[in-house]
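# Observations on chain architecture
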Amino acid sequence: MSNPSSFPDPVQTPAIRIQNLTVSYGPKPALLDINLTIDPGLLVGVIGPNGSGKSTFVKSILGFVKRDIGDVYIQGIPTEKAKGLVAYVPQRGAVDWDFPITVREVALMGRYGDLPWYRQPSGKDHAIVDDALEMVRMQEFSDRQIGQLSGGQQQRVFMARALAQGADILLLDEPFAGVDAATERAILDVLDRAKEAGKTLVVVHHDLATAAEYFDRLVLIKQRLYAYGTPAEVLHEDLLSEVYEGRLRVFADLVGNRGDK
Amino acid sequence: MIAVAADMERETMPDLMDLLSLLPKIIPMECMESGFVQRALFGLVLLAPMAACMGVQVVNFRMAFFADAISHSAFAGVAIGLLFAANPHWTMLVLGLLVGLSIMAVQRRSSLSSDTVIGVFFSAVIAFGLTVVSHYKNVARDVNQFLYGGITTIDTTELWELMALFVVLMAFQVWGYNRMLYIGMNPSLAQVHRVRVAIYQYLYAALLALVVIFSVWAVGVLLVTAMLIVPAASARNFSRTAGGMVWWAMAISVFSAVAGLLISTQPWADTATGATVILIAFLCFLISAGVAYLRGDSSR
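Residues numbered from 1 in each chain as written. Chains lettered and ligands numbered in written order. Predicted model: local features only at pLDDT ≥ 70, side-chain atom pairs only at ≥ 80, totals over all residues. Heavy atoms only, no water.

The next thing to look at is the overall build of chain B. Counting secondary structure elements, chain B contains 13 helices and 0 strands. Going residue by residue from the N terminus, the α and β elements of chain B occur as α-α-α-α-α-α-α-α-α-α-α-α-α. Over its C-alpha atoms chain B spans a radius of gyration of 20 Å, differing by no more than 12% from the 19 Å that the globule rule assigns to 300 residues. Once the C-alpha set of chain B is aligned to its principal axes, its extents read approximately 55 × 50 × 35 Å. (Helix = DSSP H or I, 4+ residues; strand = E, 2+ residues; numbered from the N terminus. Rg over C-alpha atoms; globule rule 2.2 N^0.38 Å.)

Along its length, chain A carries 9 helices and 10 strands. Counting the 261 residues in chain A, one finds 56% classified as buried. For chain A, the proportion of contacts with a sequence separation of at least 24, taken over those separated by at least 6, is 69%. When the accessible surface of chain A is split by element, carbon and sulfur atoms take 48% of a total near 11000 Å². (Buried < 20%, exposed > 50% of the residue type's maximum accessible area, 1.4 Å probe, protein only. Contact = heavy atoms within 4.5 Å. Areas by Shrake-Rupley, 256 points an atom, 1.4 Å probe, with all protein chains shown as cover.)

Take the side chain of Gln173(B) next. All names here are of chain B. By secondary structure assignment, the location of Gln173 is in helix 8 (residues 156–185). Within the local environment of Gln173, its side chain forms a polar contact with the side chain of Gln57, the two groups lying 3.0 Å apart. In this structure, Gln173 is in contact with Cys53, Met54 and Gln57, ignoring residues within four places of it in sequence. (Polar contact = N/O pair within 3.5 Å; in protein donor to acceptor, adjacent residues only side chain to side chain.)

This paragraph deals with the packing of helix 11 (residues 224–238) of chain B against helix 12 (residues 242–264) of chain B. Residue and element names in this part refer to chain B. Running from N to C, helix 11 and helix 12 cross one another at 130°; their axes reach a closest spacing of 8 Å. Comparing the axis directions of helix 11 and helix 12 gives the class oblique. Our pair here, helix 11 against helix 12, has a crossing hand that is right-handed. For the pair formed by helix 11 and helix 12, the contact residues are Pro231, Ala232, Ser234, Ala235, Arg236 and Phe238 on the first element and Met245, Trp248, Ala249, Ile252 and Ser253 on the second. Of the residues that constitute the contact of helix 11 with helix 12, the class distribution is 8 nonpolar, 2 polar and 1 charged. (Axes fitted to C-alpha atoms, helices over the stretch in contact; angles between N-to-C directions. Parallel < 35°, antiparallel > 145°, perpendicular 65-115°, else oblique. Left-handed = near helix turned anticlockwise from the far one by under 90°. Nonpolar A, V, L, I, M, F, W, Y, C, P; charged D, E, K, R; others polar.)

Aromatic rings considered in pairs are described by the distance between their centres and by the relative angle of their planes. All chains considered together, the criterion is met by 10 aromatic pairs over all chains. Here Phe282(B) and Phe285(B) contribute two aromatic rings whose centre-to-centre distance is 6.3 Å and whose plane-to-plane angle is 20°, an arrangement assigned as stacked. Here Phe282(B) and its partner Phe285(B) are both found in helix 13 (residues 273–294), 3 residues apart, which amounts to about one turn of the helix. In textbook terms, an aromatic cluster arises when at least three aromatic residues are bridged by ring pairs, as seen for Phe99(A), Phe61(B) and Tyr204(B). (Phe/Tyr/Trp six-rings, centres within 6.5 Å; stacked < 30°, edge-to-face > 60°.)

Once that is clear, we can look at the pattern of salt bridges. All names here are of chain A. Evaluation of the coordinates by the stated rule reveals 8 salt bridges over all chains. Across the pair Asp130 and Arg104 runs a salt bridge whose closest N-O atoms are separated by 2.9 Å. In this pair, Asp130 sits in helix 3 (residues 123–135) while Arg104 sits in helix 2 (residues 103–109), placing the two residues 26 residues apart along the sequence. A residue is classified by how much of its surface remains accessible, and Asp130, at 38% relative accessible area, is partly exposed. Glu134 is the partner of Arg193 in a salt bridge, and the nearest nitrogen-oxygen pair spans 3.9 Å. Within this pair, whereas Arg193 is found in helix 5 (residues 181–196), its partner Glu134 is found in helix 3, the two being separated by 59 residues in sequence. Accessibility expressed as a relative area gives 39% for Glu134, which makes it partly exposed. (Salt bridge = Lys/Arg side-chain N within 4 Å of Asp/Glu carboxyl O.)

Okay, the side chain of Lys222(A) next. All names here are of chain A. Looking at the element boundaries, Lys222 is found in strand 9 (residues 217–222). When its relative accessible area of 19% is taken as the criterion, Lys222 is described as buried. In this structure, Lys222 is in contact with Pro49, Ser52, Glu242, Val243 and Glu245, ignoring residues within four places of it in sequence.

This brings us to the environment of Pro121(A). Counting through the fold element by element, Pro121(A) comes out in the loop between helix 2 and helix 3. Judged by its relative accessible area of 17%, Pro121(A) falls in the buried class. Ignoring anything within four residues of it in the chain, the contact list for Pro121(A) reads Leu108(A), Tyr112(A), Leu115(A), His126(A) and Asn178(B).

The next thing to look at is the interface of chain B and chain A. Contact residues are listed per partner, giving 25 residues for chain B and 34 residues for chain A. Taken together, both faces of the contact between chain B and chain A bury some 2800 Å²; the carbon and sulfur share is 58%. Contact with chain A buries area across many residues of chain B, yet Met185(B), Val192(B) and Arg194(B) alone supply 24% of it, more than any other trio. One salt bridge in this structure joins Asp96(A) and Arg62(B), with 3.0 Å as the shortest N-O distance. Elements that contribute at least two residues to the side of chain B that touches chain A include exactly helix 8, helix 9 (187–192) and helix 12 of chain B. Looking at the side of chain B that touches chain A, the element that brings in the most residues is helix 8 of chain B, giving 8 residues. (Buried area = accessible area lost by both parts, 1.4 Å probe.)

Here we take up a nonpolar patch on the surface. A cluster of nonpolar side chains, namely Trp117(A), Tyr118(A), Val174(B) and Trp175(B), defines an oily patch on the protein surface of about 480 Å² accessible area. Relative to the assigned elements, Tyr118(A) resides in the loop between helix 2 and helix 3. (Patch = residues over 30% accessible without salt bridge, like charges linked within 9 Å, V, L, I, M, F, W, Y side chains within 5 Å.)

Attention now goes to the pairing of strand 7 (residues 169–173) of chain A. Along any regular strand, the residues point their side chains to alternate faces of the sheet. Residues and elements named next belong to chain A. Within strand 7, 5 of the 5 residues are buried, leaving the element largely enclosed by the surrounding structure. One ladder, built from 4 bridges, connects strand 6 (residues 86–89) with strand 7; its direction is parallel. Along strand 7, the bridge assignment pairs Ala87 with Leu170. (Pairing = 2+ DSSP bridges.)

The subject of this paragraph is the sheet that holds strand 4 (residues 69–74) of chain A. Overall, antiparallel pairing links the 4 strands, which are arranged 2-1-4-5 (chain A) in an open sheet. Single-partner strands in this sheet number two, and they are strand 2 (28–38) and strand 5 (77–78) of chain A.

With that out of the way, let us pick up the nonpolar core. Membership of the largest hydrophobic core comes to 189 residues, with the highest contact counts inside it found for Phe57(A), Leu191(A) and Leu220(A). Apart from the residues within four sequence positions on either side, Leu191(A) is in contact with Leu43(A), Met159(A), Leu172(A), Phe176(A), Leu201(A) and Val203(A). (Core = buried A, V, L, I, M, F, W, Y, C linked by side-chain atoms within 4.5 Å.)

In this model, chain B carries an average pLDDT of 85, and 92% of its residues clear a pLDDT of 70 or more. Note on residues 1–6 of chain B: pLDDT is under 50 here. Beyond four places in sequence and across chains, it has 0 contacts. (pLDDT = per-residue confidence, 0-100.)

Quick look at the confidence of the model for chain A now. Mean pLDDT over chain A stands at 83; residues scoring 70 or higher make up 90%. Ignoring residues within four places in sequence, the model shows residues 1–10 of chain A, a span with pLDDT below 50, making 17 contacts including any to other chains.

Counted by the stated rule, this structure contains 0 disulfides over all chains. Cysteine Cys53(B) remains unbridged, with the sulfur of Cys284(B) as its closest cysteine sulfur at 17 Å. (Disulfide = S-S within 2.5 Å.)

Turning to the sheet that holds strand 8 (residues 200–204) of chain A, a few remarks are in order. Picture the strands of a sheet paired through backbone hydrogen bonds; they go either parallel or antiparallel. All names here are of chain A. Pairing is mixed in the open sheet, where 6 strands are placed in the order 6-7-8-3-9-10. The outermost strands of the open sheet, each flanked by one partner alone, are strand 6 and strand 10 (224–229). Taken over all neighbouring pairs, the strand axes of this sheet differ in orientation by 15° on average, direction set aside. Bridge analysis of strand 9 against strand 10 gives 5 bridges, and the strand direction is antiparallel. Looking at strand 10, one finds that Leu218 is bridged to Gly229. Strands in contact with helix 1 (residues 54–62) are strand 3 (43–47), strand 6, strand 7, strand 8 and strand 9; relative to strand 7, the strand with the most contacts, it is inclined by about 150°. Of the strands in this sheet, strand 3, strand 9 and strand 10 touch helix 8 (residues 237–244), which is tilted by about 35° from strand 9.

Structure below.
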């Protein structure tokens, strides 16, 4: 289930290691006994039906939610102490797009965590921001207010912020929600570039139809971890129908046709 | 009695009086000769930029209601002053601070939406103030000053307090500005990024509470929110970036304060200073809205 044997260099510290993770809101567990190791340099999709705990899963990696039991390690460091090692790209809905701030200023925020409170960003910080904006192909929009961008561009601004932070692990919450096909391509292109630069990306994703094509590995969650592996391993019809409880007849064909990457 | 107090202050704080006596030379108008106009002008010139830059954050972080609740806590502050026969200025400050920090604390922990939390505190402090004030009969003067403000009654001690607050607040703005912007845009993002969100939020709430209470003295509770919001709203029309907004807001705020005070003290006007200041600020807002319209910002 975890640690697919096909991946090279097993001596590396895992990017993310989760042990016996259980999180509950009130009496009902949102996540139950999750065990998972994600190796560095992978583009990982997190899939599962609505309310299956995908967001909670991401928040646990960030150290945001109180765990009942279990541990989460980021590059071998407990997540509470690993702040700054993980960068987070929020859902577009979680951002106030009227906020009077430019693309460049948002990306520059990625540097604030490393600056002591009495210091202003230096020339080096600005150079890092330039690189980050270049990577997501947003340099030409540097001085735009963030509300004046398209959905995909908005997503990329926050990608740039995450990259400027210098973290090796990026968590993205539904970056493909509500964008058109061309934009989806553009975002995916940025994800691939980040992966080539050695980043580990964990992406909450809602569209099973594209999951196999986009990601190296898939995490299938509904409270419990149902599967972690290559898309071919995870997108099994019986597994999916168990998790999605028959709501997914449409995807039956699709699973048959796709799957090895 | 008042004259004696004024004399004492003159002895203990000579520098400030010298500074104030320079004002008529800078603004050569007849009204500037009188001491209370000098003090009022100095007080407003200190308070206006503070209100302006805190106001920019109030607008950007959508915290107008928060400021409103603190300003109304001043009413309960007056009441506590009455109850314990303490100086109402101090009880107002302390209570304002307490209410600001409490709202922030509850808001951070509670699952209720922030306007609900604020509404609860808001009504509590008003109810408390009304209960106490209704019991005492001879408090019309205090309540009046609470409602309409009285910047022209400001004394040199309060000016010193304002100067101290000015230094602390500007230091906070200079060094905390970037992180406050970060937190304002997205607190959880800032949190992931090891920005100490809680410290900044509490500091901001405390400073905002102090500025709000001083503004209550200046323009009265009815107009405090205007003092924070109107310059910032105008500035948002003039500028697209958060940084530009701060400078515009400060300029508009100081201009309205000075112009409003000078007009209100003219014999032909003889109006309430606070209200006049806010009216001038509103005129600036109208101009800014016109500029934004002409520039074609309506899509924003």
